[in-house]
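# Notes for the structure review
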Amino acid sequence: ADKGGASAGGGGTGVVIEDGIYLFDLIKTGAHKNPYFLNSDADLSIVSHLQRSGLPESMPLELVSMKIKDLEKLDPVLASAVLKTISKLTWVETELELLETTDRSDIIVKNELVQLARRDGPVVSLQARNWNALNESNKTAIIIHEAIAALASPEVSPEQVRSLCADFFSRRFYTRDHAFI
């Protein structure tokens, strides 16, 4: 299944552009080369929490902590849920090619698509070559993407997950009034 929810699966799709690979979510809003972070300082308590969770060393924990702090300004419950989900998922880097997910109906681009991540239940496989080709901000976005997808109910479409993830990395999103309740 490619729907949201902790027991379902899906994945993150990247787009190859001349100078690198970028998460498709961010390309849709033009934020792929400069994803927005409201906070410019890492939260060391969040970084420490993530380190204790056994995440791969290649994860940009300081940027993830900054994005969690951004989400906290929008909704503390959402931020807490995303942080707990990131910590509870099992993240594995693999040299193997990942199977493409079938949730790409809204992805219409001329460039090559690559599978960055694939989530099967609580396990997120990161395709090592593609993962390592991402800049730190796009790595942060795929981590947030996978956490949102794991939190989402099965009724939430992959397109909605991509849209929300893109919003979380868009400057204009933080200038609007939001209520998630």
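Overview of the structure. (Residues numbered from 1 in each chain as written. Predicted model: local features only at pLDDT ≥ 70, side-chain atom pairs only at ≥ 80, totals over all residues. Heavy atoms only, no water.)

### Regarding the pattern of salt bridges
Within this structure, the stated rule accounts for seven salt bridges. Between lysine 139 and glutamate 136 there is a salt bridge, with its nearest N and O atoms 3.6 Å apart. You can see lysine 139 and its partner glutamate 136 sitting in helix H6 (residues 136-151), three residues apart, about one turn around the helix. Given the relative accessible area of 5%, lysine 139 is considered buried. Counted as one network, the salt bridges with shared partners bring together Asp43, Lys69 and Glu72. (Salt bridge = Lys/Arg side-chain N within 4 Å of Asp/Glu carboxyl O. Helix = DSSP H or I, 4+ residues; strand = E, 2+ residues; numbered from the N terminus. Buried < 20%, exposed > 50% of the residue type's maximum accessible area, 1.4 Å probe, protein only.)

### Looking at the side chain of glutamine 127
Along the polypeptide, glutamine 127 turns up in strand S5 (residues 123-127). Look at glutamine 127 and you get buried, because its relative accessible area is 0%. A polar contact of 3.0 Å, which involves the side chain of glutamine 127, links it to the backbone nitrogen of arginine 129. There is a polar contact of 2.9 Å between the side chain of glutamine 127 and the backbone nitrogen of asparagine 130. (Polar contact = N/O pair within 3.5 Å; in protein donor to acceptor, adjacent residues only side chain to side chain.)

### Brief notes about helix H4 (residues 76-88)
Structural remark: α-helix, 3.6 residues per turn; residues separated by three or four positions point the same way. Here H4 contains 13 residues, and its C-alpha end-to-end distance of 18 Å stays within 8% of the 18 Å for a straight helix at 1.5 Å per residue. Buried residues of H4: Ala79, Val82, Leu83, Thr85, Ile86 and Ser87, and no others. Structurally, H4 contributes buried residues whose contacts are with helix H2 (44-52), helix H3 (61-74), strand S3 (90-94) and H6. The opening residue of H4 is aspartate 75, an N-cap whose side-chain oxygen sits 2.9 Å from the backbone nitrogen of valine 77. (Expected span 1.5 Å × (residues − 1). Contact = heavy atoms within 4.5 Å.)

### Focus: the environment of serine 40
Of note, serine 40 is situated in the loop between helix H1 (24-27) and H2. We classify serine 40 as exposed; its relative accessible area is 62%. Sequence separation between serine 40 and lysine 67 is 27 residues, and the spatial gap between their C-alpha atoms is 9.4 Å.

### Overview of the packing of aromatic side chains
For the structure shown, the criterion picks out four aromatic pairs. On the basis of an interplanar angle of 80 degrees and a centroid distance of 5.7 Å, the ring pair of phenylalanine 37 and phenylalanine 169 is categorised as edge-to-face. Separated by 132 residues along the polypeptide, phenylalanine 37 in the loop between H1 and H2 and phenylalanine 169 in the segment after helix H7 (158-168) bring together distant segments of the chain. A network of ring pairs unites the aromatic residues Tyr36, Phe168, Phe173 and Tyr174 as a single cluster. Positioned over the ring face of phenylalanine 37 is lysine 67, at 4.9 Å from the centre of the ring. (Phe/Tyr/Trp six-rings, centres within 6.5 Å; stacked < 30°, edge-to-face > 60°. Lys NZ or Arg CZ within 6 Å of the ring centre and 35° of its normal.)

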